[in-house]
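A look at the structure
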Amino acid sequence: MPGLLVLKIFLGVAIVAIAAMVAMALYGASSPVPQEVVFSKGYAVRRYWLVAVLVGAAAVFAISVPHFPYPSAATTGRHYTIIARQYFFALPAVIPVNTPVVFDVTSADVNHGFGIYNPRGRLIGQVQAMPDYVNHLPFDFHVPGRYTVRCLEYCGIGHAAMQGSFFVR
Ligand SMILES: [Cu+2]
């Protein structure tokens, strides 16, 4: 019963939110706090807040950027040109297994999506196919089989049927 669970969560959050608003209204109604008190308490924290946020953001940036999931050498490998158009893909018939390849993906008309699905039907990679622009998608297939390509961006009336396939062997 997911609907009942959602209702319970909604009611729980709503009760907490209403209780918080009532508490704030009661607190505000008691006695006005002088502006100097608000300044000395709140602004003391605010003075260091920007520095803390900047230091934290810089630390997260420095830690996470080296682990960015895209390879830096995106153009090493055998190149295959992929042209998407309404409503099909011009694809190579066979891609070699265990070989670094690069899909050079573009479009002949409007924006499309180039989504690769493995033989088990799981999406394993995707990139935009854009007119007058080439996106490079590096790949290394380790499992032979029939891979399906589907358009992942609505591109017109035939979008839902826009797919193709290639073999990895
Ligand atoms: Cu499409």
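The shown structure was predicted, so the numbers you read here are calculated from the model rather than taken from an experiment. (Residues numbered from 1 in each chain as written. Predicted model: local features only at pLDDT ≥ 70, side-chain atom pairs only at ≥ 80, totals over all residues.)

A tally of regular secondary structure across the chain gives two helices and nine strands. Along the chain, from the amino end to the carboxyl end, the secondary structure elements read α-α-β-β-β-β-β-β-β-β-β. Relative to the globule expectation of 15 Å for 169 residues, the C-alpha radius of gyration of the chain, 27 Å, shows a markedly less compact shape. Long-range contacts, defined as pairs at least 24 residues apart, comprise 60% of the intrachain contacts of the chain with a sequence gap of at least 6. (Helix = DSSP H or I, 4+ residues; strand = E, 2+ residues; numbered from the N terminus. Rg over C-alpha atoms; globule rule 2.2 N^0.38 Å. Contact = placed C-beta atoms within 7 Å.)

This part covers the environment of I95. Along the chain, I95 falls in strand β3 (residues 94-95). Among the residues examined, I95 registers 20 C-beta atoms within 10 Å and is labelled buried. Residues I95 and L5, 90 residues apart in the sequence, show an inter-C-alpha distance of 47 Å. (Buried ≥ 20, exposed ≤ 12 C-beta atoms within 10 Å, placed from the backbone.)

We now examine helix α2 (residues 35-64). Residues spaced three or four apart along an α-helix face the same direction, because each turn holds 3.6 residues. In this model α2 runs 42 Å from its N-terminal to its C-terminal C-alpha over 30 residues, within 8% of the 44 Å that 1.5 Å per residue would give. By the largest-angle criterion, Y48 marks the main kink of α2, which is about 35°. Counting buried residues in α2 gives zero out of 30 residues, a small share hidden from the surface. (Expected span 1.5 Å × (residues − 1). Bend = angle between axes of the 7 residues up to and from the residue.)

Right, let's get into the sheet that holds strand β1 (residues 78-85). Within a beta sheet, neighbouring strands are joined by backbone hydrogen bonds and run either parallel or antiparallel to one another. What the four strands build is an open sheet, ordered β2-β1-β4-β7; its pairing is mixed. Of all strands in the sheet, those with a lone pairing partner are β2 (88-90) and β7 (135-140), marking the two edges. Within this sheet the neighbouring strands show an average axis-to-axis angle of 25°, counted without direction. (Pairing = 2+ DSSP bridges. Axes fitted to C-alpha atoms, helices over the stretch in contact; angles between N-to-C directions.)

What follows deals with helix α1 (residues 2-30). Helix length check: α1, at 29 residues, gives a terminal C-alpha distance of 42 Å against a target of 42 Å (1.5 Å per residue), a fit within 8%. Burial within α1 is sparse, with just zero of its 29 residues counted as buried.

On to the sheet that holds strand β9 (residues 163-168). Spatially, β3-β9-β8-β5-β6 is the arrangement adopted by the five strands of the open sheet, whose pairing is mixed. Edge positions in the sheet fall to β3 and β6 (123-129), since each has one partner strand and no second. Taken together, the two bridges between β3 and β9 define a ladder with parallel strand orientation. Bridge assignment links V94 to a residue of β9, and that residue is F167.

Examined at the domain level, the chain breaks down into domain 1 (2-67) and domain 2 (78-168). Spacing between the C-alpha centres of domain 1 and domain 2 amounts to 45 Å. (Domains from an automatic or database assignment.)

With that settled, the discussion passes to the confidence of the model for the chain. The predicted coordinates ought not to be read in detail in places where the model reports low pLDDT. On average, residues of the chain score 90 in pLDDT, and 95% of them reach the 70 mark or higher. For the chain, per-element mean pLDDT is lowest for α2, which scores 87, and highest for strand β8 (residues 145-150), which scores 97. (pLDDT = per-residue confidence, 0-100.)

On to the nonpolar core, then. Core analysis: the largest hydrophobic core is formed by 17 residues, its most contacted members being I82, A84, V105, F114 and A129. Ignoring sequence-local partners within four residues, the contact set of A84 consists of F89, S107, H112, F114, A129 and C151. (Core = buried A, V, L, I, M, F, W, Y, C linked by C-beta atoms within 7 Å.)

Take unusual backbone geometry next. At the junction of Q86 and Y87, the peptide bond is cis and its omega measures out at 5° in the coordinates. By the secondary structure assignment, Y87 is in the loop between β1 and β2. The phi dihedral of N98 falls on the positive side, at around 55°, and the residue is not glycine. In this structure, D132 takes a positive phi of about 60° despite not being glycine. On the secondary structure map, D132 appears in the loop between β6 and β7.

Among the structural elements, V13 can be located in helix α1. By the C-beta count within 10 Å, which is 10 here, V13 ends up exposed. Sequence-wise, V13 and Q86 are 73 residues apart; in three dimensions their C-alpha atoms are separated by 47 Å.

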